[in-house]
Amino acid sequence: DVKVTQSSRYLVKRTGEKVFLECVQDMDHENMFWYRQDPGLGLRLIYFSYDVKMKEKGDIPEGYSVSREKKERFSLILESASTNQTSMYLCASSVGTGADNQPQHFGDGTRLSIL
Amino acid sequence: AQSVTQLGSHVSVSEGALVLLRCNYSSSVPPYLFWYVQYPNQGLQLLLKYTSAATLVKGINGFEAEFKKSETSFHLTKPSAHMSDAAEYFCAVGAGGTSYGKLTFGQGTILTVHP
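So, a few notes on the structure that sits alongside this text. (Residues numbered from 1 in each chain as written. Chains lettered and ligands numbered in written order. Predicted model: local features only at pLDDT ≥ 70, side-chain atom pairs only at ≥ 80, totals over all residues. Heavy atoms only, no water.)

### Some details on the interface of chain B and chain A
- Between chain B and chain A, the contact holds 25 residues from the first and 27 residues from the second.
- Summed over both sides, the interface of chain B with chain A buries roughly 2,000 Å², with 54% coming from carbon and sulfur.
- Contact with chain A buries surface across chain B, with Asn-41, Tyr-100 and Lys-102 of chain B losing the most and accounting together for 29% of the total.
- Inspection of the region where chain B meets chain A yields 0 salt bridges.
- Listed by contribution, the elements that provide at least two residues to the side of chain B that touches chain A are β4 (32-38), β5 (44-50), β9 (87-94) and β10 (103-105) of chain B.
- A per-class count over the side of chain B that touches chain A returns 10 nonpolar, 12 polar and 3 charged. (Contact = heavy atoms within 4.5 Å. Buried area = accessible area lost by both parts, 1.4 Å probe. Salt bridge = Lys/Arg side-chain N within 4 Å of Asp/Glu carboxyl O. Helix = DSSP H or I, 4+ residues; strand = E, 2+ residues; numbered from the N terminus. Nonpolar A, V, L, I, M, F, W, Y, C, P; charged D, E, K, R; others polar.)

### As for the pairing of strand β2 (residues 10-14) of chain B
Residue and element names in this part refer to chain B.
- Burial along β2 is one-sided: the residues Val-11 and Val-13 are buried and none of His-10, Ser-12 and Ser-14 is.
- Of the pairings in the sheet, the one linking β2 to strand β11 (residues 109-114) comprises 5 bridges and is parallel in character. If you follow Val-11 over to β11, its bridge partner there is Leu-111. (Buried < 20%, exposed > 50% of the residue type's maximum accessible area, 1.4 Å probe, protein only. Pairing = 2+ DSSP bridges.)

### A look at the side chain of Ser-87 of chain A
Residues and elements named next belong to chain A.
- Tracing the backbone shows Ser-87 in strand β9 (residues 87-94).
- Here Asp-38 takes part through its side chain, which lies 2.8 Å from a polar atom of the side chain of Ser-87.
- Excluding anything up to four places from it in sequence, Ser-87 contacts Arg-36, Gln-37, Asp-38, Thr-110, Arg-111 and Leu-112. (Polar contact = N/O pair within 3.5 Å; in protein donor to acceptor, adjacent residues only side chain to side chain.)

### As for the nonpolar core
- Ranked by internal contacts, the top residues of the largest apolar core, which has 27 residues, are Trp-35, Phe-74, Leu-76 and Tyr-89 of chain B.
- Among the elements of the structure, β2, β3 (19-26), β4, β5, β7 (64-68), β8 (73-78), β9 and β11 of chain B are those that each provide at least two residues to this core.
- The contacts of Phe-74 of chain B, once residues within four sequence positions are left out, are Cys-23, Leu-33, Phe-34, Trp-35, Leu-48, Tyr-50, Val-57, Ala-65, Glu-66 and Phe-67 of chain B.
- Counting residues in hydrophobic clusters, the runner-up holds 20 residues, among them Cys-23, Tyr-47, Ile-60 and Ala-81 of chain A. (Core = buried A, V, L, I, M, F, W, Y, C linked by side-chain atoms within 4.5 Å.)

### Quick word on the environment of Ser-84 of chain B
Residue and element names in this part refer to chain B.
- By secondary structure assignment, the location of Ser-84 is in the loop between β8 and β9.
- Taking the relative accessible area as the measure of exposure, Ser-84 reaches 45% and is therefore partly exposed.
- Among the polar contacts made by the side chain of Ser-84, one reaches the side chain of His-82 at a distance of 2.9 Å.

### Digging into the pattern of salt bridges
All names here are of chain B.
- Counted under the stated rule, the structure contains 7 salt bridges over all chains.
- Between Lys-58 and Glu-64 there is a salt bridge whose closest N-O contact spans 2.8 Å.
- Residue Lys-58 is classed as exposed on the basis of its relative accessible area of 61%.
- Owing to a relative accessible area of 23%, Glu-64 belongs among the partly exposed residues under this scheme.

### Regarding the sheet that holds strand β1 (residues 3-7) of chain B
Residues and elements named next belong to chain B.
- Taken in spatial order, the 5 strands line up as β1-β3-β8-β7-β6 in an open sheet, and their pairing is antiparallel. Pairing within the sheet leaves two strands with one partner each, and these edge strands are β1 and β6 (56-58). Neighbour-to-neighbour, the strand axes of the sheet open up by a mean angle of 20°, direction not taken into account.
- Where β6 lies against β7, 3 bridges are found, and the strand directions are antiparallel. Bridged to Leu-56 within β7 is Glu-66. (Axes fitted to C-alpha atoms, helices over the stretch in contact; angles between N-to-C directions.)

### Things to note about the packing of aromatic side chains
- Throughout the structure, instances matching the rule amount to 13 aromatic pairs over all chains.
- Relative to Phe-67 of chain B, the ring of Tyr-25 of chain B has its centre 5.9 Å away and its plane inclined at 25°; by these criteria the two rings are stacked. Residue Tyr-25 of chain B is located in strand β3, and its partner Phe-67 of chain B is located in strand β7; the two are separated by 42 residues in the primary sequence.
- Ring pairing ties together the aromatic residues Phe-33, Tyr-35, Phe-48 and Phe-106 of chain A together with Phe-34, Tyr-36 and Phe-105 of chain B, which thus form one cluster. (Phe/Tyr/Trp six-rings, centres within 6.5 Å; stacked < 30°, edge-to-face > 60°.)

### A few points about the sheet that holds strand β7 (residues 64-70) of chain A
Residue and element names in this part refer to chain A.
- Read from one edge of the open sheet, 4 strands run β1-β3-β8-β7, paired in antiparallel fashion. Of all the strands in the sheet, the pair left with one neighbour each is β1 (4-6) and β7. Between one strand axis and the next, the sheet turns through 20° on average, direction left out of account.
- Pairing geometry for strand β3 (residues 19-25) and strand β8 (residues 73-78), over 6 bridges, is antiparallel. Counterpart to Phe-20 in the pairing with β8 is Ile-77.

Take a look at the structure:
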């Protein structure tokens with residue numbers, strides 16, 4: 001089975017801090033994604049990566065950056081945390097080959113609180 | 001561009017009753033469609049996927065969904081609800097091709113099952 005591991009289940013940080021959320025997948029997937037999930041809004045894509053060192057903005061990239069130095073690891077960075085970034089963050093990965101969409105496999109999420 | 005609309009943010013059924021969760025999509029290309037389930041404090045788990053092989057798709061835990069192109073729908077059903085089905089359900093659409101595996105998610109439907 002595919003395993004997507006997020007480094008923290010719960011995280012509490014202060015406004016203005018630089019925050020790192022880490023995600024590792026063990027299935028050699030090309031694509032990796034970061035979402036935030038808020039009640040009533042579903043999942044919104046922050047950034048995604050389709051290869052090492054390659055990244056593209058999703059729907060809500062403002063206030064975030066990402067890093068993918070190795071294929072298995074995709075990091076989300078909050079440059080200067082603000083209270084409106086309090087949310088559940090989900091990482092996902094998928095196989096990138098072929099013309100068809102493959103399912104995304106999700107981690108258990110990081111519930112981030114910014115005080 | 002793709003979009004997904006899930007009709008009804010909350011659905012409540014009795015144990016043993018039919019479960020019907022509605023999903024309508026919009027896509028400019030033949031879509032790839034998915035249903036995911038999320039249990040409390042967990043990530044998303046794939047229930048089933050449609051990739052044009054068959055219009056009636058069977059998934060895990062007794063769920064199935066039918067792709068209806070004329071109605072642009074992909075509703076999720078289960079003949080008899082179980083207490084363990086209580087969760088949040090997400091419909092998602094992908095564009096395939098060079099979309100790098102990106103999916104667009106609906107806002108989610110919370111299913112409550114009463115004894």
